[in-house]
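# Structure assessment
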Amino acid sequence: MVDYDRDSVLSMPHTQRTTLAAPPHETGTTAPLIRLLVEWASLLLMAVMIQGCGLVVDAVQLVWPIATNELDAICARGQVRVGMAVEPFQPFVFPAIYTDEGLRVTGLDVELVREITAALSQRCSNTKPIVPTLHLIRFRNLFLELTEGNLDLFVSSISANVPAPGRIGLAYSNPYFDAGGIGGITARPDVAERIGANIRRSSESAADGNTMTSAFSGLTVAVQEGTSAQFYAEANLTGINLVLCDSLPAAFESQSPPIDLILGKQPVLDYTVRRVRKDWRLLRLDSGKPLLLTHEQYAIVTDEESYRLRRFLNDLLFRLDKSGRLTDMRQRWLEENYAYPRRAATEGLPFAAEKMPQHYDQGQCRLADNRSR
Amino acid sequence: MKRVWCAAVVGILATFAIGALAPSTGWAVDRAEAEETARLLAKLLKAGRLVIEQNQLLIDDQHKGEKGFTPEVFERQLVQEFRQLTGIDLSKLHSTPASIAVPSLAKELLPAFVLASKDVVRDAQVVINQRGIGYKNFIPATYGSQAAARFSKQSHVRLKQTTLGPRNPKNEPDDYEASVLKWLSGRPRAEAYVSELTDHGQTLRVVMPIYYVPACLTCHGEPKGDLDISGYPKEGAHEGDLAGAITVTTPLSLR
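What you are looking at is a predicted structure, and each value in this text was computed from that prediction instead of being measured. (Residues numbered from 1 in each chain as written. Chains lettered and ligands numbered in written order. Predicted model: local features only at pLDDT ≥ 70, side-chain atom pairs only at ≥ 80, totals over all residues.)

### Concerning the overall build of chain B
The condition is simple: By the criteria applied, helices consist of DSSP H or I runs no shorter than four residues and strands consist of E runs no shorter than two, each listed in order from the N terminus. Put simply, a residue is buried when 20 or more other C-beta atoms lie within 10 Å of its own C-beta and exposed when 12 or fewer do; between those, it is partly exposed, and each C-beta is set from the backbone.
Tallying secondary structure elements over chain B gives eight helices and seven strands in all. Within the span of chain B, comprising 255 residues, buried residues form 37% of the whole.

Encoded structure:
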């Protein structure tokens, strides 16, 4: 409400001054009483409406559904707002780099966003194609940004089948990658040997909780905060020193405390030790297969109420799967020999850089608590 | 085809005459002025590339977040490098002594290129200042592509980096550039450039060669065919080989 001060009101042109004056019919002894009654009635009505606000909104939706159709909103806007983790989850999301075309980000998830955008352009039938606006945000903030309505969706090798706190109001598409899971890497051969020996001794399956507890006991184990690896470690691994890191690069760099083992997304860890940190090695079973502690599926995240958008994404993923395109994409990024700067230059997407300086720093690591878990 | 091979910059400066520029009625510039401006623009882009090259270790330092390589720091180093290459102080361009002839067109365009370059460095800050990421692909070539593109977008003069068999398809030489590059590749290294009128005398083309220096060879040297850090096959080049050229295309009139 604007609070006019007297001098400014008096200095207003004549027409405005007249509108501010009290209407003549309200003068008299009954006027204050009537005004009081009207005010009370308004307050009562507002209170009822606030209480039943959701019902009112639902009623509006039923009568006028287009008002909350997120797909139409994207079409009208001409852009889809996509969140991505600024911390690298390669080969799903590579670090942002500079190219001949300017700032770019690339990876399997970026290729998926291109597919989503192309399909949205077809669906919207606008004269101009739908433009993806990528926001590179800290992993842990992706969920918040979506629930606050600043994103239409986000994608960053997010595990759809891992219950986690703070994810109320969100929903997942069908998976676009189903060979995920939690794996581990270490730079110390003795740690790898110790874990291997524990698993060999166990008659249970490799991922059995007791086997893992004894295999990892006493080790300093790093996980990226907010990821499924943290939830797994907290729920299943007792006797470890759990270290929470802001990113995978932070875990590699941590000296205080030094890290014995990093748990994280197995495909990401596998790619990283093969291409970037060859001084670390993936934990493997005697069969040579990677040691997996869980099985995870990666999916696109939307607001829980974005039903149409989610159905649209599921249809698209179904078509991509049936046509073999998803398989090709997975193979291109996980198995082929390539260097991402080149792909970033030819097929990467630009991103909104204004928020990134506040977001990107590989961050730090810290002990989850002061005692062994 | 008439090709002028200018063996010394001094010769060009001597032939440079004060041009008549008529901005209010359109664009018209004489050849000498256009040629000297083109030469200086090419030198300025070259200086910018050198500044990026000299700061490459800092830019790619994965242990450091804020690098302090700001647009202002870049500008200072660019001005210094350009002064070393040409003797011209860009910070005092309008009070340049008469002994150093700077065409009025150059006085207009050189600061515009500095601004375009600063914009590129400004945009790249989010990538440059990432901690935990080493190679960021902010290298002389990518800086040069963007700075040239931004400058060319707002000017009549087109600036480009090109080479035979470029990594970036947008840097593919046109027929004229390809013929000059082939001609240059057969000649010994020289601090010189090619200048020529095309389009029936309507357009001036200036091609300034760039030669490989040791810092380039990490990515462009031996063994040929091996992938470098950015994923491109190495060219197997040696120090002093022709790396490519900076080309400047100036219309002498626009009607």
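### Topic: the overall build of chain A
Note the following rule: Any pair of residues counts as being in contact when their C-beta atoms, constructed from backbone geometry, are within 7 Å of one another.
Within chain A, the regular secondary structure consists of 16 helices and 15 strands. Long-range pairs, those at least 24 residues apart, make up 75% of the contacts in chain A with a sequence separation of at least 6.

### Notes on the environment of D178(A)
Note that D178(A) resides in strand β7 (residues 177-180). Remark: the alpha-carbon pair of D178(A) and Y298(A), spanning 120 residues in sequence, is separated by 6.3 Å.

### Description of the interface of chain B and chain A
What counts is decided by this rule: Think of it as three bins: nonpolar holds Ala, Val, Leu, Ile, Met, Phe, Trp, Tyr, Cys and Pro, charged holds Asp, Glu, Lys and Arg, and polar takes everything else, Gly as well.
Between chain B and chain A, the residue contacts involve 22 residues of the former and 23 residues of the latter. Mapped onto the side of chain B that touches chain A, the elements with two or more residues apiece are α5 (104-128) and α6 (140-153) of chain B. Here the side of chain B that touches chain A takes four residues from α5(B), the largest share from any one element. Looking at the side of chain B that touches chain A residue by residue, the classes come out as seven nonpolar, 11 polar and four charged.

### Notes on the environment of I168(A)
Residue and element names in this part refer to chain A. Tracing the sequence through the fold places I168 in the loop between β5 (153-159) and β6 (170-172). Exposure remark for I168: the 8 C-beta atoms within 10 Å place this residue in the exposed category. As a C-alpha pair, I168 and D321 span 153 residues in sequence and 28 Å in three-dimensional space.

### As for the packing of helix α2 (residues 31-54) of chain B against α5(B)
Residues and elements named next belong to chain B. Where we set the bar: Fitting a line to C-alpha atoms yields each axis, with helices limited to the stretch in contact; the angle taken between N-to-C directions then spans 0 to 180 degrees. Any angle between 65 and 115 degrees counts as roughly perpendicular, while under 35 counts as roughly parallel, over 145 as roughly antiparallel, and the rest as oblique. What makes a crossing left-handed is the near helix being turned counterclockwise from the far one by less than a right angle; a clockwise turn instead makes it right-handed.
As a packed pair, α2 and α5 sit with axes 9 Å apart at the nearest point and diverge in direction by 20°. Relative to α5, the element α2 lies roughly parallel. Relative to α5, α2 is oriented so that their crossing is right-handed. Contact residues: α2 offers E33, A34, E36, T37, L40, L41, L44 and G48, while α5 offers L105, A106, L109, L110, F113 and S117.

### Here we look at helix α10 (residues 228-236) of chain A
The set of residues buried in α10(A) consists of S228(A), A229(A), Q230(A), Y232(A) and A233(A). Buried positions along α10(A) lie against β5, β8 (182-186), β9 (220-224), β10 (241-245), β11 (261-265) and β13 (296-303) of chain A.

### Concerning the sheet that holds β8(A)
All names here are of chain A. For clarity, the cut-off: At least two bridges found by DSSP between two strands are what make those strands a pair.
Read across the sheet, six strands follow the order β12-β8-β11-β9-β10-β15 without closing on themselves; strand pairing throughout is mixed. Only two strands of the sheet have a single neighbouring strand rather than two, namely β12 (281-282) and β15 (365-367). Bridge analysis of β9 against β11 gives two bridges, and the strand direction is parallel. Within β11, the position partnered with A222 by the bridge is I262. In the packing of helix α12 (residues 266-275) onto the sheet, the strands contacted are β8, β11 and β12, and the crossing angle to β11 comes to about 120°.

### Some words on the pairing of strand β5 (residues 203-211) of chain B
All names here are of chain B. Counted residue by residue, β5 has seven buried out of nine residues, so it is predominantly covered. Bridge count between strand β4 (residues 193-198) and β5: five bridges; the pairing is antiparallel. The residue of β5 that forms the bridge with E196 is R205.

### Considering the pairing of strand β6 (residues 242-251) of chain B
Residues and elements named next belong to chain B. Among the 10 residues in β6, seven count as buried, and that is most of the element. Pairing geometry for strand β3 (residues 158-162) and β6, over five bridges, is antiparallel. Residue pairing for β6: K160 is matched across the bridge by T247. Two strands pair when backbone bridges link them, and β5 and β6 are joined in this way by nine bridges, in the antiparallel orientation.

### Digging into the nonpolar core
Where we set the bar: Each nonpolar core consists of buried Ala, Val, Leu, Ile, Met, Phe, Trp, Tyr and Cys residues. Their C-beta atoms, within 7 Å, join them into a set. The split of the chain into domains comes from an automatic or database domain assignment.
Counting residues in hydrophobic clusters, the biggest one holds 143 residues, and the most contacted among them are V105(A), V221(A) and L41(B). Looking at this core element by element, the count peaks at 13 residues for α5(B). Looking at which domains feed residues into this core, each of domain 2 (69-178 + 298-359) and domain 3 (182-294) of chain A supplies at least three. Residue contacts for L41(B): discarding those within four places in its chain leaves L109(B), L110(B), F113(B), V157(B), L159(B) and V248(B).

### Some remarks on the confidence of the model for chain B
Residue and element names in this part refer to chain B. Put simply, the test is: Residue-level confidence of the predictor, termed pLDDT, takes values from 0 up to 100.
For chain B, the average pLDDT comes to 86, and 87% of its residues sit at 70 or higher. Taken element by element, the predicted model of chain B shows its lowest mean pLDDT in helix α1 (residues 9-15) (37) and its highest in helix α4 (residues 71-86) (97). Confidence metrics for the complex model read pTM 0.77 and ipTM 0.79.

### Examining unusual backbone geometry
Residues Q90(A) and P91(A) are joined by a peptide bond in cis, for which omega reads 10°. Here P91(A) is to be found in the loop between β1 (79-85) and β2 (97-99). Backbone geometry at D199(B) places phi at a positive 50°, although glycine is not the residue there. With respect to the helices and strands, D199(B) occurs in the loop between β4 and β5.

### Details of the environment of Y232(B)
Mapped onto the fold, Y232(B) is located in the loop between α8 (217-220) and β6. As a C-alpha pair, Y232(B) and R131(B) span 101 residues in sequence and 25 Å in three-dimensional space. When near neighbours in sequence (up to four residues on either side) are disregarded, Y232(B) contacts R342(A), R167(B) and L227(B).

### Here's the deal with the packing of α2(B) against α6(B)
Residue and element names in this part refer to chain B. For the pair α2 and α6, the least separation of the axes is 9 Å and the interaxial angle reads 145°. Our pair here, α2 against α6, has a crossing hand that is right-handed. Residues L45, G48, R49, I52 and E53 of α2 pack against P140, Y143, G144, A147 and A148 of α6.

### What to know about the confidence of the model for chain A
With 77% of its residues at a pLDDT of 70 or more, chain A shows a mean pLDDT of 82. Across residues 1-28 of chain A, where pLDDT falls below 50, the model places five contacts with residues more than four positions away in sequence or in other chains.

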